Amino acid sequence: MRRTQCIGHYIRTIATFSVHPSIKRKMALLHDKCSKAESSVFTPGNLKVRTIKVKKSDDSLPPAELFIMAPESKGVYPVILFCHGYCTANTWYSHLLQHISSHGYIIVAPQFYQCLIMSMKDEIKTATKVTNWLSTGLKIILPENLKPDLSRLALLGHSRGGKTAFSLALSQDLTSLKFKALLGMDPVAGPSPPGRVEPDVLTYIPHSFNLSMPVGIIGTGLSNKSKGFIPSFAPNGINHAEFFNESKPPACYFLAKDYGHCDILDDSKVALASLVCKSGKGSKELMRNGVGGIIVAFLKAYLVGESEDLQSIVDAPSVAPITLGPVIYVK
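The rules we used
- For every chain, the first residue of the written sequence is number 1, and numbering continues from 1 along that sequence.
- Only residues with pLDDT of at least 70 are given local features in this predicted model, and only at 80 or more are side-chain atom pairs given and counted; all residues enter the totals for whole chains, interfaces and linings.
- As a rule here, side-chain values come from all non-hydrogen atoms in the structure, and water together with hydrogens is ignored.
- Throughout this description, buried means an accessible area under 20% of the type-specific maximum (1.4 Å probe, protein chains only), exposed means over 50%, and partly exposed covers the range between.
- Secondary structure elements are defined from DSSP: runs of H or I of at least 4 residues count as helices, runs of E of at least 2 residues count as strands, and each element is numbered from the N terminus.
- By definition, two strands form a pair when at least two bridges between them are found by DSSP.
- Where helices are involved, their axes are fitted lines through C-alpha atoms of the stretch in contact, as for all axes, and angles between N-to-C directions lie from 0 to 180°.
- Contact definition: two residues touch when any of their heavy atoms are within 4.5 Å.
- We call Phe, Tyr and Trp rings a pair once their centres come within 6.5 Å, taking the six-membered ring for Trp, and we label the pair stacked below 30 degrees between planes, edge-to-face above 60, and tilted otherwise.
- Per residue, pLDDT captures the predictor's confidence, and it can take any value from 0 to 100.
- In this analysis, the protein atoms alone were mapped onto a 1 Å grid. Cavities are point sets where a 1.4 Å probe fits without being able to get out; pockets are open sets with protein on both sides within 12 Å along at least five of seven lines; lining residues have an atom within 4 Å of a point.
- Grid points are joined across faces, edges and corners, and a volume is the space filled by probe spheres set on the points.
- Residue polarity follows a fixed list, in which Ala, Val, Leu, Ile, Met, Phe, Trp, Tyr, Cys and Pro are nonpolar, Asp, Glu, Lys and Arg are charged, and the others, Gly among them, are polar.

J.: I'm lost on the pairing of strand E6 (residues 181–185) in this one. Help?
T.: The buried fraction of E6 amounts to five of the five residues, a majority that puts the element mostly inside the structure. Here E6 shows two buried faces, one formed by Ala181, Leu183 and Met185 and the other by Leu182 and Gly184. Judged from the five bridges that link them, strand E5 (residues 146–158) and E6 form a sheet pairing that is parallel. From the neighbouring strand, Ala154 faces E6, where its bridge partner is Ala181. Pairing analysis gives four bridges linking E6 to strand E7 (residues 215–220), with the strands arranged parallel. Across the sheet, the residue bridging to Leu183 is Gly216, located in E7.

Below is the structure:
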């Protein structure tokens, strides 16, 4: 039974006893806050979403092939640059990205490589070029009724793409646009601690990241587990925990205890990834809804200025459709 259900039952029960009115009000307020978070950010938003695929040969001259998700409704929307993980494609995250976009965000996801030999440094260069392209090229691609608000620009990355996102955020002197928020989904610095992929990002010094933006980290409880003889994709020492440890406040950390490194991918791709990567037994749709809801709540807090949903999740993690723990918020 979820905490919101327990709280609701408790409130109805104590109403029959003599309880101080202030306690009743606090319980009712907590129930209302949790119910609001559960019914909003963890379910698809009210906006229909369109998908736009852009080739490098397009008139807008993007530095890479792009997978874009954007609301169909007229409006001005914040923009998210999404960096996909190693051995994956930008389209493998379509369900998760659609969830986020339906809450009012334009998501630009470059495809960093067509083969597996692209270096990390080249990946970061491509991400930098795409960032600089946004101010001139994105408005050409989008329908006239959509306006990207590049003053509210966020970075989001998964796995190796999480490291790409952090590397880009740490090199903002190379971009014409400035990021206002940074999120890593199970970020990983390399295949193993002795073999970190250059450039080095981790310093193993707490709060050492030279970042002036809020950071959100979402880790998975199974990401450091091996799959038979196959090593884990995100071993201890170079995974989500260390990225959070080196982040300065404000920073949030959420651990999806029962899920694996690739469980945010679309269902067909999760099945493929589970052959080599430890996967959780729970519903992958609930995992995507949970992660998507955390991302939406974080961005609402730091791009829109509405922090209620984020605080509700921190105060009562069981409002999420997946088990979260620990949850840490350092302001």
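Now that the structure is up, let's keep going.
J.: When you look at the sheet that holds strand E2 (residues 66–71) in this model, what are you seeing that I'm missing?
T.: Two strands in a sheet stick together by hydrogen bonds in their backbones, pointing the same way (parallel) or opposite ways (antiparallel). Overall, mixed pairing links the nine strands, which are arranged E1-E2-E4-E3-E5-E6-E7-E8-E9 in an open sheet. Looking at strand neighbours, the two that pair on one side only are strand E1 (49–54) and strand E9 (324–330), the edges of this open sheet. Pairwise comparison of adjacent strand axes, ignoring direction, gives a mean angle of 20 degrees for this sheet. Note that E2 and strand E4 (residues 106–110) share four bridges and pair antiparallel. Within E4, the residue paired with Leu66 across the bridge is Pro110. Across the sheet, helix H8 (residues 284–304) lies against strand E3 (75–83), E5, E6, E7, strand E8 (251–256) and E9, angled at about 165 degrees from E6, the strand it touches most.

J.: Looking at this structure, how should I read the packing of aromatic side chains?
T.: The relation between two aromatic rings is expressed through the spacing of the ring centres and the mutual angle of the planes. Tallied over the full model, the rule gives six aromatic pairs. Measuring from ring centre to ring centre gives 4.8 Å for Phe82 and Tyr93, while their planes differ by 70 degrees; the resulting arrangement is edge-to-face. Separated by 11 residues along the polypeptide, Phe82 in strand E3 and Tyr93 in the loop between E3 and helix H3 (94–101) bring together distant segments of the chain. Taking the relative accessible area as the measure of exposure, Phe82 reaches 0% and is therefore buried. Classification of Tyr93 by relative accessible area gives buried; the value is 0%.

J.: Explanation requested: the confidence of the model for the protein in the structure shown.
T.: Close inspection of predicted coordinates is inappropriate for parts of the model with low pLDDT. On average, residues of the protein score 88 in pLDDT, and 85% of them are at 70 or above. Segment residues 1–36 is flagged for pLDDT under 50; beyond a separation of four residues in sequence, or across chains, it makes 32 contacts in the model.

J.: I tried to follow the layout of surface pockets on my own but got confused; where do I start?
T.: Gaps between atoms show up when a probe of the same size as a water molecule is rolled over them. Taken as a whole, the largest pocket encloses approximately 490 Å³ of empty space. Tyr86, Cys87, Ser159, Phe233 and His261 are the residues nearest the centre of the largest pocket, which is lined by 25 residues in total. Of all elements in the fold, only helix H5 (160–169) and helix H7 (267–273) reach the threshold of two or more residues within the lining of the largest pocket. Looking at the lining of the largest pocket, its residues break down into 16 nonpolar, seven polar and two charged.

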